There are 2 protein chains.
Amino acid sequence: MEADGENTDDRVRMWAPVGQAVALLLGPYAEVVLHDPDTDRILAIWNSIGARGPGDPSLLGELDALDPSARDVFGPYEKVLADGRRLSSVSAVLRGPDRKAAAVLCVNLDRTPLEQAAAVLSAFGAPTTPRPEPLFEQDWTERVQHIVGTYVRECGRPLERLTRADRLAVLARLNEAKIFAVRRATPVVTAALRVSRSTLYGLLAELRAPSTKDNT
Amino acid sequence: MEADGENTDDRVRMWAPVGQAVALLLGPYAEVVLHDPDTDRILAIWNSIGARGPGDPSLLGELDALDPSARDVFGPYEKVLADGRRLSSVSAVLRGPDRKAAAVLCVNLDRTPLEQAAAVLSAFGAPTTPRPEPLFEQDWTERVQHIVGTYVRECGRPLERLTRADRLAVLARLNEAKIFAVRRATPVVTAALRVSRSTLYGLLAELRAPSTKDNT
DNA sequence: ATGTGTTTGGACTATACGTCCAAACTGGAT
DNA sequence: ATCCAGTTTGGACGTATAGTCCAAACACAT
């Protein structure tokens, strides 16, 4: 309810009811933000999760890709806050009569309370067996493809054009996911990353010892 | 409420209020059963999940190990019904003044509704990324211990006394769980199963080729 | 004791893992 | 084009792990 008063922009007058209604419906755990894509600042905000207010910068990297040819609704995608809360977010590009992007509406839903509730429910009468079967979340080889694919999508570059640092980053994720604790994983990774065995091990060595790269 | 009337056994008179109270508290999804460990039949039952009634056989393999030196409360452990419902069960050995096991009380809680609710909650506002990280459900080495431990508990024999067929069965489960796709898994398994490397590989070979054991 | 079936240590082979390095390659700067 | 720094690559090499094999030791019932 920080978005009323007399200062109001036309765009705020136009879309504020929407934001307010959504904020009311989704209760205290959903933040609704109206962004100005030109100045990259917040026009209005309801149920602010952080301490952000109107006029603050948007901090939305996602808004870079405001391609008018693309879809106007994005998400839901996941964000993780510094304090660990997990948000589900959707964004909508709002256009005026001239078809120009006039504002961007974002809804950020804090999933943590829901996840906690789910955890409580499924822990009720907890059995000794957490779950019978698979050690692997599906097939680890698909997991590799997925991690690589995700990274490629994130940075836009098409795999062949990945920089050394990119590959390093991907390897860090694969390593994080304990991929290399699996037997015969290396050939799969070299294939997925399109590098040779040598390069793979070189990069991995670098991951373990980030010191031995510069000076002295 | 099938456990009143005039036919009643002393034991039923003694423990029926407990069973009934628990059944009432836990609502329609918890079944409470009072077993006779001697005849292996049902003495009384509340909220019967199947079509079982008093006098029916207990079908409880778990009751074999009625060792008076051991603990009197078992579980919670998991059972899976033919129709796929997952139950959490606890059992208690009830003793009379002579310290002899007079009856066994089992509570079977149907977890499916809870799990469904949990699934609904955690799907709310579902993000595109199902979950970022770990390939392994925690630590695979604990997984081995757990699988072995579960088997031991199931058949009652204390690991050293496992038969060859038992070890074969455990290995089948470990194999099922793709444990051997993990690097350096064999030493962990041999340790957990208390067999030598040779035996391990021998049994594994047998798993792959069940034909090359008998005749022709 | 005797025999059958199983387990075991250890020798041995085959792969997979990881390191190393000289040669080839890449994308600029001259 | 030439040169250079950084990077990638194939392949040689050494080590570790994965499997195989077998004779001797063991367990246990007859």
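About the thresholds
- Throughout this description, residue numbers start from 1 for each chain and increase along the sequence as written.
- Each chain gets a letter, beginning with A, and each ligand a number, beginning with 1, in the order they are written.
- Two thresholds apply to this predicted model, a pLDDT of at least 70 for residue-level local features and 80 or more for giving and counting side-chain atom pairs, whereas whole-chain, interface and lining totals are computed over all residues.
- Only hydrogens and water are removed before side-chain values are computed, so all heavy atoms of the structure are retained for them.
- Runs of H or I in DSSP of at least four residues are treated as helices and runs of E of at least two as strands, each being numbered from the N terminus.
- Three exposure classes are used, based on accessible area relative to the maximum for each residue type with a 1.4 Å probe and protein chains only: buried under 20%, partly exposed in between, and exposed over 50%.
- A contact between two residues is defined here by any heavy atoms of the two lying within 4.5 Å.
- Computed with a 1.4 Å probe, the accessible areas rest on the Shrake-Rupley method; for each residue, only the protein chains presented here act as cover.
- Two strands are counted as paired when DSSP detects at least two bridges linking them.
- Summary of the distance rule: residues count as near a molecule or strand when at least one heavy atom falls within 4 Å of that molecule or strand.
- Polar contacts, as counted here, are pairs of nitrogen or oxygen atoms within 3.5 Å of one another; within protein the pair requires one atom able to donate a hydrogen and one able to accept it, and residues that are adjacent in sequence qualify only if both atoms are side-chain atoms.
- Here the term charged refers only to Asp, Glu, Lys and Arg, the term nonpolar to Ala, Val, Leu, Ile, Met, Phe, Trp, Tyr, Cys and Pro, and the term polar to all other amino acids, Gly among them.
- Whenever a carboxyl oxygen of Asp or Glu lies within 4 Å of a side-chain nitrogen of Lys or Arg, that contact is scored as a salt bridge.
- With axes taken as lines fitted to C-alpha atoms, and helix axes fitted only over the stretch in contact, angles between N-to-C directions fall between 0 and 180 degrees.
- Working rule for angles: under 35 degrees goes down as roughly parallel, over 145 as roughly antiparallel, 65 to 115 as roughly perpendicular, anything else as oblique.
- For a helix, the expected span equals 1.5 Å multiplied by the residue count minus one.
- Arc definition: it is the arc formed by the directions from the helix axis to the C-beta atoms.
- Every residue is assigned a pLDDT by the predictor, reflecting its confidence on a scale from 0 to 100.

Section: the overall build of chain A
Across its full length, chain A holds 6 helices and 5 strands. Helices (α) and strands (β) of chain A occur, in sequence order from the N terminus, as α-β-β-β-β-β-α-α-α-α-α. For chain A, buried positions account for 41% of its 216 residues. Relative to all contacts within chain A whose residues are 6 or more apart in sequence, the contacts with residues 24 or more apart total 42%. Total accessible area computed for chain A in this model is approximately 12,300 Å², and 57% of it derives from carbon and sulfur atoms.

So, the pairing of strand β1 (residues 30-36) of chain A
Residues and elements named next belong to chain A. Among the 7 residues in β1, 7 count as buried, and that is most of the element. By the alternation rule, side chains of β1 split into Ala30, Val32, Leu34 and Asp36 and Glu31, Val33 and His35, which are all buried. Bridge count for β1 against strand β5 (residues 101-110) is 6 bridges, and the pairing is antiparallel. Each residue of the ladder has a partner; that of Val32, found in β5, is Val107.

Some remarks on unusual backbone geometry
Residues other than glycine seldom take positive phi values, yet Asn47 of chain A does so here, at roughly 55°. You can see Asn47 of chain A is positioned in the loop between β2 (41-46) and β3 (73-80). Of note, Arg194 of chain B is a non-glycine position whose phi angle comes to about 60°, a positive value. Residue position: Arg194 of chain B is located in the loop between α5 (185-193) and α6 (197-208).

What about the protein's contact with DNA strand D?
Around DNA strand D, the surrounding shell holds 14 residues, and the nearest of these are Arg164, Arg183, Ser198 and Thr199 of chain A together with Arg197 of chain B. Sugar and phosphate atoms form 62% of the subset of DNA strand D atoms that lie within 4 Å of the protein. Contacts to DNA strand D include Arg164 of chain A, whose side-chain N or O atom sits 2.3 Å from a phosphate oxygen. Going through the elements one at a time, α6 (197-208) of chain A together with α5 and α6 of chain B are the ones with two or more residues in the surface near DNA strand D. Considered class by class, the residues forming the surface near DNA strand D number 4 nonpolar, 5 polar and 5 charged.

Brief notes about the pattern of salt bridges
Residue and element names in this part refer to chain A. Evaluation of the coordinates by the stated rule reveals 8 salt bridges over all chains. For the salt bridge of Asp36 with Arg11, the shortest nitrogen-to-oxygen distance reads 2.9 Å. Placement of the pair is Asp36 in strand β1 and Arg11 in helix α1 (residues 10-26), with a sequence separation of 25 residues. We classify Asp36 as buried; its relative accessible area is 6%. Overall, Arg11 belongs to the buried group, its relative accessible area being 18%. As a salt-bridge pair, Arg194 and Glu160 come within 2.6 Å of each other at their nearest N and O atoms. Of this pair, Arg194 sits in the loop between α5 (185-193) and α6 while Glu160 sits in the loop between α3 (140-155) and α4 (164-176), and the two are 34 residues apart along the sequence. On the accessibility criterion, Glu160 (47% relative accessible area) is partly exposed.

Some words on the packing of α5 of chain B against α6 of chain B
Residues and elements named next belong to chain B. Contact geometry of α5 with α6 gives a least axis separation of 9 Å together with a crossing angle of 100°. With respect to their mutual orientation, α5 and α6 come out roughly perpendicular. Where α5 abuts α6, its residues Thr186, Val189 and Thr190 lie against Arg197, Leu200 and Tyr201. Classifying every residue of the contact of α5 with α6 by side-chain character gives 3 nonpolar, 2 polar and 1 charged.

What about the protein's contact with DNA strand C?
Close to DNA strand C lie 13 residues; Arg197 of chain A together with Arg164, Arg183, Ser198 and Thr199 of chain B are nearest. Side-chain polar atom of Thr186 of chain A to a phosphate oxygen of DNA strand C: 3.2 Å apart, as the coordinates give it. Ser198 of chain B is positioned such that a nitrogen or oxygen atom in its side chain is 2.8 Å from a base nitrogen of DNA strand C.

Focus: the packing of helix α4 (residues 164-176) of chain B against α6 of chain B
Working note: a packed helix pair is described by the angle between its axes plus the distance between those axes. All names here are of chain B. Close contact between α4 and α6 brings their axes to 10 Å; oriented N to C, the two are set at 75°. The angle between the axes of α4 and α6 places the two elements in the roughly perpendicular class. Where α4 abuts α6, its residues Arg164, Arg167, Leu168, Leu171, Ala172 and Asn175 lie against Leu200, Leu203, Leu204, Glu206 and Leu207. Residues of the contact of α4 with α6, tallied by class, amount to 7 nonpolar, 1 polar and 3 charged.

Some thoughts on α6 of chain B
Residue and element names in this part refer to chain B. With 12 residues, α6 ought to run about 16 Å at 1.5 Å a step, and its terminal C-alpha atoms sit 17 Å apart, in line with that. Those residues of α6 lying buried are Leu200, Leu203 and Leu204. What you see down the axis of α6 is that its buried residues fit within an arc of 100°, all on one side. Along its buried surface, α6 packs onto α4 and α5.

Focus: the confidence of the model for chain A
All names here are of chain A. Summary statistics for chain A give a mean pLDDT of 74 and a share of 69% for residues scoring 70 or more. In this model, residues 128-135 is a region of pLDDT below 50 whose contacts with residues beyond four sequence positions or in other chains number 29 contacts. Predicted confidence for residues 212-216 stays below pLDDT 50, and this span has 1 contact to residues more than four positions away or in other chains.

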